[in-house]
Amino acid sequence: SAVLLQFFLTLSISSENIISGKAFVTDGDTIKINKKKIRLFGIDSPEKKQFCKKVYLSFLIFNFQKDYPCGEKATLALTKKLKGKIVRCELKNSKDIYNRNIGICFVGKKDINSWLVKNGHAISYKRYSKKYILEEKYAIENKLGIWQGSFMQPEKWRRIMN
């Protein structure tokens, strides 16, 4: 009976660290569920107003690049992915500097944080976690999303723009 009691105590503690519902996308790495802001753990996405460069023409050894709104693109990709779906987030026991909850979010069993990195809409935020390094490697090798051109690290972009 002690084991059973421990199981139910663990269950009640962990359910407090889970938020689920329809998500409103703030940007490529932040959502809101039931009025609670959640910063997606272990990833960093281009900011809404950030531009990146991508190749539009290659000629011999020359690559011609043009700017595109990669921050808006990341936000839109996440919005489309979550539209009309129930999102479940497992929250960490800490908050970021903006007092947002930090969590790994899922649609069904699909890790959304992982999906964003693997499709090139975000990078692995290695300063805080090594969890999504393989997904980033996949996106780089396949030149997906921001990896099809060049971009400034979102963290550096925020420092310069603030």
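In what follows, the structure referred to is the one given above.
Residues numbered from 1 in each chain as written. Predicted model: local features only at pLDDT ≥ 70, side-chain atom pairs only at ≥ 80, totals over all residues. Heavy atoms only, no water.

Caption draft 1: Just the state of the cysteines, in detail. Tallied over the full model, the rule gives 2 disulfides. Residue Cys52 pairs covalently with Cys70 via a disulfide, S to S 2.0 Å. Handedness here is read from the sign of the S-S torsion; for Cys52 and Cys70, about 65°, the answer is right-handed. Here Cys52 is found in strand β5 (residues 52-59), whereas its partner Cys70 is found in helix α2 (residues 70-82), with 18 residues between them in sequence. Since its relative accessible area comes to 1%, Cys52 is described here as buried. Cys89 shares a disulfide with Cys105; S-S distance 2.1 Å. Taking the sign of the S-S torsion, 110° for the link of Cys89 and Cys105, the bridge is right-handed. Separated by 16 residues along the polypeptide, Cys89 in strand β7 (residues 86-95) and Cys105 in strand β8 (residues 101-107) bring together distant segments of the chain. Overall, the relative accessible area of 0% leaves Cys89 in the buried class. (Disulfide = S-S within 2.5 Å. Helix = DSSP H or I, 4+ residues; strand = E, 2+ residues; numbered from the N terminus. Buried < 20%, exposed > 50% of the residue type's maximum accessible area, 1.4 Å probe, protein only.)

Caption draft 2: Spatial organisation of the sheet that holds strand β6 (residues 62-68). Taken in spatial order, the 3 strands line up as β6-β5-β11 in an open sheet, and their pairing is antiparallel. Where the open sheet ends on each side, the last strands, each with one partner, are β6 and β11 (149-150). As paired elements, β5 and β11 share 2 bridges and run antiparallel to each other. Looking across to β11, one finds that Lys54 is bridged to Gly149. (Pairing = 2+ DSSP bridges.)

Caption draft 3: Structural view of the layout of surface pockets. Volume-wise, the largest pocket comes out at about 600 Å³. In terms of lining residues, the largest pocket is bounded by 25 residues, among which Arg39, Tyr98, Arg100, Tyr125 and Arg158 are the most central. For the lining of the largest pocket, the elements supplying multiple residues, two or more each, are β3 (36-40), β7 and α5 (154-161). In terms of residue count, α5 provides more of the lining of the largest pocket than any other element does, 5 residues in total. Looking at side-chain class alone, the lining of the largest pocket contains 10 nonpolar, 4 polar and 11 charged residues. (1 Å grid on protein atoms, 1.4 Å probe; cavity = no way out; pocket = protein on both sides within 12 Å on 5 of 7 lines; lining within 4 Å. Points joined across faces, edges and corners; volume = space filled by probe spheres on them. Nonpolar A, V, L, I, M, F, W, Y, C, P; charged D, E, K, R; others polar.)

Caption draft 4: Up close: a nonpolar patch on the surface. Nonpolar side chains collect at one region of the surface, where Tyr56, Leu57, Phe59, Leu60, Ile61, Phe62 and Phe64 lie side by side and expose about 830 Å² of accessible area between them. Of all elements in the fold, only β5 and β6 reach the threshold of two or more residues within the nonpolar patch. Ranked by the residues each element gives to the nonpolar patch, the list is headed by β5, at 3 residues. Within the fold, Phe64 resides in strand β6. (Patch = residues over 30% accessible without salt bridge, like charges linked within 9 Å, V, L, I, M, F, W, Y side chains within 5 Å. Areas by Shrake-Rupley, 256 points an atom, 1.4 Å probe, with all protein chains shown as cover. Salt bridge = Lys/Arg side-chain N within 4 Å of Asp/Glu carboxyl O.)

Caption draft 5: Region of interest: the nonpolar core. With 25 residues, the main nonpolar core has Ile31, Ile38, Leu78, Leu82, Val87, Cys89 and Leu116 as its most contacted residues. Residue assignment for this core shows that the elements contributing at least two residues are β1 (18-27), β2 (30-33), β3, α2, β7, β8 and α3 (112-118). With 5 residues, β8 is the largest single contributor of residues to this core. Beyond its immediate stretch of four places on either side in the chain, Ile31 contacts Ala23, Phe24, Val25, Thr26, Lys36, Lys37, Ile38, Leu78, Leu82, Val87, Cys89 and Cys105. One finds Cys52, Tyr68, Trp147 and Phe151 within the second-largest nonpolar core, a separate group that totals 8 residues. (Core = buried A, V, L, I, M, F, W, Y, C linked by side-chain atoms within 4.5 Å. Contact = heavy atoms within 4.5 Å.)

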